[in-house]
Amino acid sequence: MHRTGELYGHFKTPGQQREAASLGMWVFLITEIMFFGGIFLTYAINRSMYPDIFAEASRELNVRMGGINTAVLIASSFTMAMAVWASQTGKKKQLTLFLILTLILGSVFLGVKYFEYAEKFHHHLVPGRNFQFPGDVGSRAHAQLFFSLYFGMTGLHALHMIVGAGLLLWLVKESLRGRYTPQYNTPVELVGLYWHFVDIIWIYLFPLLYLIDRH
Amino acid sequence: MNATATKPEAFPEKHYVNAEYGIRSWLLTTDHKRIALLYLVSVTGFFFIGGIFAALIRIHLLTPAGYLVTPETYNKLFTMHGVAMIFFFLIPAIPAVLGNFLIPLMIGAKDLAFPRINLLSWYLYMIGGGLVLFSFLSGGLDTGWTFYTPLSSVYSNSAVAPAVLGIFINGFSSILTGLNFLVTIHTMRAPGMTWFRMPMFVWTHYATSIIMILGTPVVATTLALAGMERLFHLGFFNPALGGDPVLFQHLFWFYSHPAVYIMILPAMGVISEIITTFARKPLFGYKVMTAASLAIAVVGFLVWTHHMFVAGQSTYAALAFSLLTMLVAVPSAVKTFNWTATMYKGSVSYDTPMLYAFGFIGLFLIGGLTGLFLGTLGTDIHIHDTMFVVAHFHYIMVGGAVFGYMGGLHLWWPKISGRMYPEFVARISAIVLFVGFNMTFFPQFVMGYIGMPRRYHTYPPEFQVLNVLSTAGASILAIGYIVPIFYLLWSIRHGAIAGRNPWPSTGLEWQTASPPPTENFAVTPEVTWEAYDFDNRPDLGLARAADRGHK
C-alpha cells in the first residue's frame, strides 16, 4: 500500500479518498448508534418495569456535577467545530489551539466523572457486595439494576471519551507538524464527527439518567 | 465448453502470491487477495474443529442410551459445534474469503477502501477465535450457542467468560468487514461500473454489509451485558435480581436472526454468478434480484421473535411476527424462481460449481419451506425445539450457505490459484456431499416431527433407525468435505493452467490474469457493457445465443 503525499495508491483521486473516509466514519457512527442502542433499550425497559425505584435511585445522582459536565461537553463540541473550521481555512495556529482546548475540556469532563464515581463508591452505590440502598431486598436489587446501567452506560461513554482524547492528542501532534491544510484536513473533520457523536450520546444520557422524575 | 478454442495462456510470472515472500509479507499484508487467503486457511481450520464436534455428536447418538460421552460433555459438544460453525465459519466464510478476494476485482478497484482495517478485521477474528478455543480447551462451553441467560450468566460451570469475550471481539471483525465492503462498493467502482452493472455477488454483499453494520453491534452489547452480569454478578437479565431473561432473547435474536441472512445472502450471490456462467444467459430479473436482496436485509430485521413463540410474548406480537416471517419468504422465493428462469433455454453445462448450485437450490427450497412450518404459530408449538428445527436450519446453513461456499470456491478457484481442479473428481465429490447431506439431515426432519427433542443426549429406542441413518449419512458427508481439500491442494501444483477466463464468464474479475497481479488490473478497466451480457461480448469467444439454437 504505497502513498504519494496524502494519497494512498489504491485511490484514484484525493476526492475519492476523502469521500471513502468520510462515508466510512458515518457508517462507523451508525454502528455506534446500534451499539449504544442495545443498552439504551435495556435501560428503557427496566425503567418502565420499575419506575419508582429507578426514580428514587436516580435522585442519588449528583445533578450539579452532571449539569457542569453537560456544559463542558457542549463547549468542547464548540471548540472542536472551531478546530475543523480552522483546518479548512488554513489557520494552523488556531487549529492547534482549538484542538488543545477541546482536549482540555474533554479531560475536565473525565475528571468530574472521576469525582462523581468516587462519590458513588463512598455512598456504597457501586453494584456488588457492598451495595446499600434503603428498602427491602427487591428494591435493593432494582436500585442495583439502575446503578449497573448507570455505570455501564456512563462507563461506555467515558471509554469513548478516552479514545477521543487519544485521537485529539494525535491530531495536536500532527497539527504541530503543519500536516493539515485546506486541501487535506480529513482526519480533523472525521475526529470532529466522532467527538460530536460522543457528545450527543451524553446529551441523551444526562436527562435519561439524571433528570426524569426529578422534582 | 469454450466454443472457439483460444490459444493456451501462460501462467503469469508475477502475481499476488509470489509478489513478496516470507511470513511477514503475509502477516502484515494489506492486499485484499492475500487477506482472503489468510481467512481461507483460518475459516477452514474452524470448520474442521466444528466438524469434529459434529462427528462426536453423531457417534454419540448411535444408540438410544448415548454411546460415547457423559450428558455434560454432550451439552458441550453441541454448544462448541454451534459456536465454532456459526461465529467462526458460516458468518465470515463467504464474505471474508470470497467477498474479500472478489469485490475489488468485480468492481474494478485496486483494493478495498480501507486495506489496513481489512487486515485488522482478520486479527480481530484470530484473537476472538483464540479466546474461543481457549474456552473450549479450559473446561469447554455448555450454554448452547445462544448463550441464554441466566444459564450463561449465573448457572453454567463452563468457561463462558472467555467465549463471550471472543465472540464480542470477533463481532468487530464482522462489523469492520461490513463497513469496508459498503464503503468500497459506494466509492471504489471503476468508470462505467454503475450500480446496475454490478454483479449480483456484489449486490448481495452490499445487503449483507447492511446487516453486519446494523445487527452485529447489538449482539456485541448484549453479550457484553451478559458477560458483565456473569463476572460482576449484576442482574440485567437475571430474574432473581429483577432483570428480564426474555429481554436477552429479544436482543440476541435481533442480531442472530438477521445473522442467518449474513450466511445465506452471500451464498445467493455466489449461486447467481454460477448459474449465469453455466447457463450462459443473463440473470433473469436482474433488478428484481437486487431488490429482493435488499428486501431480505430489511425484512430480515423484523422477524426475530419467531425464535421465541413459546418463550412468553403477547399473542398479537406473535401473530405479527409470524406474518412478517411469511413475508421474508417472498424475496427468497423470487430468487429461486429467477435462478430457475435463468436456466430456462440456456446452454446449461454441468460443471462442478453448477452441481453445487443445483444442490443449493433444492436444499434451500426445502430449508426455506420448512422454515414456514416453524414460522406458523400452531405448528411451531408442536415442533419447537425438536430435531425438526435442527434439520431445518442445517438445510439453510449447510445446504444453503456451505453449498454456496463450496460452489463459489470451485467457480473462482481458477482465479484464486490460476489452476484448474480435476473436474471429474470434483463432480463426484459434489454429488457425494449432496447425498451425504440429505442422508444426514432428512431423517432429522422425520424424527423431530414425530417427537424427538433437540439437545438431548439420550432418546427412546424407536428413534434409533433414523439416528443410525443420520450418523451413516454424516460419515458420507465428511468424505464430501475432506476430498476437496486434497484435490484443491493438488491442483495448486499439478492443475492445468486456467488462463484469464476459463468458463468463460462476464465479470470484470475474469478480465485480469489468473492469479491476478497485486494491483488487480494493469490499467483501470472501463466498463461499457451491462451485467451478464453474454450476447454482446465477442471477447468471451462464445457463439451468440441465437446461433446456439436458443432464443
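As the structure is a prediction and not an experimental result, all values here were calculated from the model.

What counts, and where the lines are drawn
Residues numbered from 1 in each chain as written. Chains lettered and ligands numbered in written order. Predicted model: local features only at pLDDT ≥ 70, side-chain atom pairs only at ≥ 80, totals over all residues. Heavy atoms only, no water. Helix = DSSP H or I, 4+ residues; strand = E, 2+ residues; numbered from the N terminus. Rg over C-alpha atoms; globule rule 2.2 N^0.38 Å. Contact = heavy atoms within 4.5 Å. Areas by Shrake-Rupley, 256 points an atom, 1.4 Å probe, with all protein chains shown as cover. Lys, Arg positive; Asp, Glu negative; His and termini not counted. Charge placed at Lys NZ, Arg CZ, Asp CG, Glu CD. Buried area = accessible area lost by both parts, 1.4 Å probe. Salt bridge = Lys/Arg side-chain N within 4 Å of Asp/Glu carboxyl O. Polar contact = N/O pair within 3.5 Å; in protein donor to acceptor, adjacent residues only side chain to side chain. Patch = residues over 30% accessible without salt bridge, like charges linked within 9 Å, V, L, I, M, F, W, Y side chains within 5 Å. Core = buried A, V, L, I, M, F, W, Y, C linked by side-chain atoms within 4.5 Å. Buried < 20%, exposed > 50% of the residue type's maximum accessible area, 1.4 Å probe, protein only. Axes fitted to C-alpha atoms, helices over the stretch in contact; angles between N-to-C directions. Left-handed = near helix turned anticlockwise from the far one by under 90°. Nonpolar A, V, L, I, M, F, W, Y, C, P; charged D, E, K, R; others polar.

Enquirer: It is not clear to me how the overall build of chain B should be interpreted in this structure. Could you clarify?
Expert: Helix and strand content of chain B: 15 helices and zero strands. Rg of the C-alpha trace for chain B: 23 Å, near the compact-globule value of 24 Å for 551 residues, within the 12% margin. Within chain B, contacts between residues at least 6 apart in sequence are counted, and of these 82% link residues at least 24 apart. When the accessible surface of chain B is summed, it comes to about 19900 Å², and 71% of that surface belongs to carbon and sulfur atoms. Distance from the positive charge centre (28 side chains) to the negative charge centre (23 side chains) of chain B: 5 Å.

Enquirer: Quick question: what am I supposed to make of the interface of chain B and chain A here?
Expert: By a frequent convention, interface size equals the accessible area lost on bringing the separate parts together. Chain B puts 39 residues into the contact, and the matching count from chain A is 33 residues. Taken over both partners, the interface formed by chain B and chain A buries close to 2900 Å², and the fraction arising from carbon and sulfur atoms is 75%. The interface formed by chain B and chain A holds zero salt bridges in total. Our count for the chain B to chain A interface comes out at six residue pairs in polar contact (both at pLDDT 80 or more).

Enquirer: Is there a simple way to think about unusual backbone geometry in this case?
Expert: Apart from glycine, the bulk of residues carry a negative phi angle, and the bulk of peptide bonds sit in the trans form. Residues and elements named next belong to chain B. The step from T149 to P150 runs through a cis peptide bond, and the omega angle for that step is -5 degrees. Structurally, the position occupied by P150 is in the loop between α4 (115-137) and α5 (151-155). Along the chain, S514 connects to P515 via a cis peptide bond; the corresponding omega equals -10 degrees. The phi angle at F147 is positive, at roughly 55 degrees, despite the residue not being glycine.

Enquirer: It is not clear to me how the environment of B:M439 should be interpreted in this structure. Could you clarify?
Expert: Residues and elements named next belong to chain B. Locating M439 in the fold gives a position in helix α14 (residues 423-449). In sequence terms M439 and I213 are 226 residues apart; their C-alpha atoms lie 37 Å from each other. Look past the residues within four positions of M439 in its chain and what remains in contact with it is L469, S470, A472, G473 and I476.

Enquirer: What am I meant to see in a nonpolar patch on the surface here?
Expert: On the surface, a nonpolar cluster with roughly 390 Å² of combined accessible area is contributed by A:L97, A:I100, A:L101, A:I104 and A:V108. By secondary structure assignment, the location of A:V108 is in helix α4 (residues 92-122).

Enquirer: How do you make sense of the nonpolar core when you look at a structure like this?
Expert: For soluble globular proteins, the rule of thumb is that nonpolar side chains tend to be buried together. Residues and elements named next belong to chain B. Core analysis: the biggest nonpolar cluster contains 233 residues, and V83, L98, F147, F360, Y405 and W412 have the highest contact counts within it. With 24 residues, helix α3 (residues 71-107) is the single largest residue contributor to this core. Once you skip the residues sitting within four places of it in the chain, W412 turns out to touch L98, L102, M106, F201, V270, E273, E509 and W510.

Enquirer: What should I look at first to understand the packing of α3(B) against helix α13 (residues 387-417) of chain B in this one?
Expert: The packing of two helices is summarised by the inter-axis angle and the distance between the axes. All names here are of chain B. Taken N-terminus to C-terminus, the directions of α3 and α13 make an angle of 35 degrees; their axes are 11 Å apart at the nearest point. The handedness of the crossing between α3 and α13 is left-handed. Across the interface between the two elements, H81, F89, L90, A93, I94, V97, L98, F101, L102 and M106 from α3 touch H394, M397, A401, V402, G404, Y405, G408, L409, W412, K415 and I416 from α13. Per-class residue counts for the contact of α3 with α13 are 16 nonpolar, four polar and one charged.

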